[in-house]
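# Observations on chain architecture
What follows is the residue order along each chain.
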Amino acid sequence: MKAPTLRHWFLVHKWTSLVSTLFLLLICVTGLPLIFREEISDWLDTSQPYAQVAPGTPTQPIETVLASARRHDPDQIVVSAFVDDDAPRIVIGMAPSWPAYNQDPRIAHFLKFDVHTGILLRDSTAFSGARGGFLPLMLHVHTDLFTGLPGNLFMGLMSLFLAAAILSGIVLYRPFMMRLPFGTLRRDRGTRMAWLDLHNLLGIVLAAWMGVVGLTGTLNELSTPLFAVWQASDVQAMLRAWRGRPPVAAADRTSLDAAFRAAQAALPDRRVISAIFPGSRMGTPYHYVIWTKGNTPLTARLFTPVLVDARTGRVTAIVPMPWYLRALEISRPLHFGDYGAMPLKIIWAMLDLGTIMVLISGLILWVGKHRLPAQPRLRALRRIPDDKTTTATG
């Protein structure tokens, strides 16, 4: 098979960039506030402040908080509980019923309690997956364009187009720029040439970062089908022994505190952070699904679920996540740059702004080129070499 020439690489770069640029620009713009989502969420939070307590003050039992949640919403069921290790709060998820929640998790809402006093700080009608609010709006536009799985797959496809554009741009960079000092902006040759040099410079400088973010973005977009594959295979195989048994009624369940203690004893080197109650489509009718994470900066991004029998409070199974879900877990902090505190977030934001400039300069070059008369455009295309000639693309 004949090796691709520079003309072929140019056409790949042209069309992959053209197809993906507008969508990638949308992704970059919406991704910028998501880098600082924790800070923005705290800034927009209108709930009561946390109690000021002395170090070592004991926390409220989770069952006490659950009782308060049920008194607050007696017609609702508890679907989840989250014990935050970054803030002194416990977040309880509530929903009208399991059938309604499993059909559409967005109908749930949350109650936020102070972990030390047990006081209700906020009652929200917009759960973390809901569409209301600034951050959920940015997240949905960034990930699925409000279309669910089809939108996830489409955005993943756009990330693959980005990868093709980056690869072809790297191949084209050296032949077309090798005679110029690195960082040259030829302002004396007109606005278009200056934009071309800026586009090439930012593109080659940011190529590695854009490649990492594009690849991890693709993995993130595949999270829904990947989790579905895991649940349909490994999880269902593990639950065969419980098939045919009646679901555990709320009155027959052991306390969530006991389930947390059992999971912590089974994995003493990890931290228990949340629970999904029996009945969720993300779990089983017979178990609490207790989620744990590591205590180090790296393992804190790796989660391990533990199944605890809801009747006896005993650990039934520790569920190792398959390699593709581990890759997904590691890719998320790389994608959002939230594993290095504020300094890394600022760096990620600056790199995101640089990528926006790459996309805008590419659009300017494309629009400017297609405003040229037909004959100059054809002559410009003929100047693109089939070998390592260093003629400029502009």
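Residues numbered from 1 in each chain as written. Predicted model: local features only at pLDDT ≥ 70, side-chain atom pairs only at ≥ 80, totals over all residues. Heavy atoms only, no water.

## Notes on the pairing of strand 7 (residues 303–309)
Among the seven residues of strand 7, six are classified as buried, and the element is accordingly described as predominantly covered. Judged from the three bridges that link them, strand 7 and strand 8 (residues 315–318) form a sheet pairing that is antiparallel. Paired with Val306 across the two strands is Ile318, which belongs to strand 8. (Buried < 20%, exposed > 50% of the residue type's maximum accessible area, 1.4 Å probe, protein only. Helix = DSSP H or I, 4+ residues; strand = E, 2+ residues; numbered from the N terminus. Pairing = 2+ DSSP bridges.)

## Comments concerning empty space enclosed by the protein
Taken as a whole and assessed by the stated rule, the structure comprises one cavity of 30 Å³ or more. Tyr173, Met177, Pro181, Phe182, Gly183, Thr184, Asp197 and Leu201 are the residues that line the largest cavity. Mapped by element, the contributors of at least two residues to the lining of the largest cavity are helix 6 (149–177) and helix 7 (191–221). (1 Å grid on protein atoms, 1.4 Å probe; cavity = no way out; pocket = protein on both sides within 12 Å on 5 of 7 lines; lining within 4 Å. Points joined across faces, edges and corners; volume = space filled by probe spheres on them.)

## Here we look at a nonpolar patch on the surface
Nonpolar side chains collect at one region of the surface, where Val212, Ile330, Leu334 and Tyr339 lie side by side and expose about 310 Å² of accessible area between them. Inspection of the secondary structure assignment puts Tyr339 in the loop between helix 10 (323–336) and helix 11 (341–370). (Patch = residues over 30% accessible without salt bridge, like charges linked within 9 Å, V, L, I, M, F, W, Y side chains within 5 Å. Areas by Shrake-Rupley, 256 points an atom, 1.4 Å probe, with all protein chains shown as cover. Salt bridge = Lys/Arg side-chain N within 4 Å of Asp/Glu carboxyl O.)

## Re the side chain of Thr304
Take Thr304: it is sitting in strand 7. Given a relative accessible area of 7%, Thr304 falls into the buried group. Polar side-chain contacts of Thr304 include one of 3.4 Å to the side chain of Arg326. Filtering out sequence-adjacent residues up to four positions away, Thr304 remains in contact with Leu267, Arg270, Ile290, Trp291, Thr292, Ile318, Val319 and Arg326. (Polar contact = N/O pair within 3.5 Å; in protein donor to acceptor, adjacent residues only side chain to side chain. Contact = heavy atoms within 4.5 Å.)

## Considering the packing of helix 3 (residues 62–72) against helix 9 (residues 256–266)
Viewed as axis vectors pointing N to C, helix 3 and helix 9 meet at an angle of 145°, and their least axial separation amounts to 7 Å. Contacts from Ile62, Glu63 and Leu66 in helix 3 reach Leu256, Asp257 and Phe260 in helix 9. Grouping the amino acids of the contact of helix 3 with helix 9 by side-chain chemistry returns four nonpolar, no polar and two charged. (Axes fitted to C-alpha atoms, helices over the stretch in contact; angles between N-to-C directions. Nonpolar A, V, L, I, M, F, W, Y, C, P; charged D, E, K, R; others polar.)

## Examining the pairing of strand 4 (residues 120–124)
Along any regular strand, the residues point their side chains to alternate faces of the sheet. Note: strand 3 (residues 109–114) against strand 4, four bridges, orientation antiparallel. Note that in strand 4 the partner of Phe110 across the bridge is Ser124. Once strand 3 ends, the chain turns through five residues before running back antiparallel as strand 4, passing Gly118 with a positive phi of about 75°.

## Some thoughts on the sheet that holds strand 4
If you trace the eight strands from one edge of the open sheet to the other, you get 4-3-2-1-5-6-7-8, paired in antiparallel fashion. What marks the edges here is a single partner per strand, and that holds for strand 4 and strand 8. Across this sheet, the average inter-strand angle for adjacent strands is 25°, counted without regard to direction. Across six bridges, strand 1 (residues 77–83) lies against strand 2 (residues 89–95) in antiparallel orientation. Looking across to strand 2, one finds that Phe82 is bridged to Val91.

## With respect to the side chain of Thr254
Residue placement: Thr254 occurs in the loop between helix 8 (223–238) and helix 9. If we ignore the near neighbours within four places in the chain, the residues touching Thr254 are Tyr288, Asp309, Ala310, Arg311, Thr312 and Gly313.

## Considerations on the packing of aromatic side chains
Scanning the entire structure with this criterion turns up six aromatic pairs. Measuring from centroid to centroid gives 5.4 Å for Phe277 and Tyr288, while their planes differ by 85°, and the two rings are edge-to-face. Placement of Phe277 in the loop between strand 5 (270–276) and strand 6 (287–294) and of Tyr288 in strand 6 is noted, with a sequence separation of eleven residues between them. For Phe277, a relative accessible area of 1% corresponds to the buried category. Just above the ring of Phe336 sits the side chain of Arg37; from NZ or CZ to the centre is 4.6 Å. (Phe/Tyr/Trp six-rings, centres within 6.5 Å; stacked < 30°, edge-to-face > 60°. Lys NZ or Arg CZ within 6 Å of the ring centre and 35° of its normal.)

## Side note on unusual backbone geometry
In this structure, Leu145 is a non-glycine residue whose phi angle is positive, near 55°. For Leu145, the position within the fold is in the loop between helix 5 (134–143) and helix 6. According to the relative accessible area criterion, Leu145 is partly exposed, its value standing at 29%. A positive phi is found at Phe146, a non-glycine position, where the angle reads about 65°. Mapped onto the secondary structure, Phe146 falls in the loop between helix 5 and helix 6. Looking at Phe146, the relative accessible area reads 29%, which means it is partly exposed.

## With respect to the pattern of salt bridges
It is possible for side chains of opposite charge to pair when their charged atoms get near one another. Enumeration over the complete set of coordinates arrives at eight salt bridges. For the salt bridge of Lys345 with Glu38, the shortest nitrogen-to-oxygen distance reads 3.6 Å. Of the two residues, Lys345 is situated in helix 11 and Glu38 in helix 2 (residues 37–44); the sequence distance between them amounts to 307 residues. Residue Lys345 pairs with Glu39 through a salt bridge whose shortest N-O separation is 3.0 Å. On the criterion of sequence distance, the pair formed by Lys345 in helix 11 and Glu39 in helix 2 is long-range, its members being 306 residues apart. We classify Lys345 as buried; its relative accessible area is 3%.

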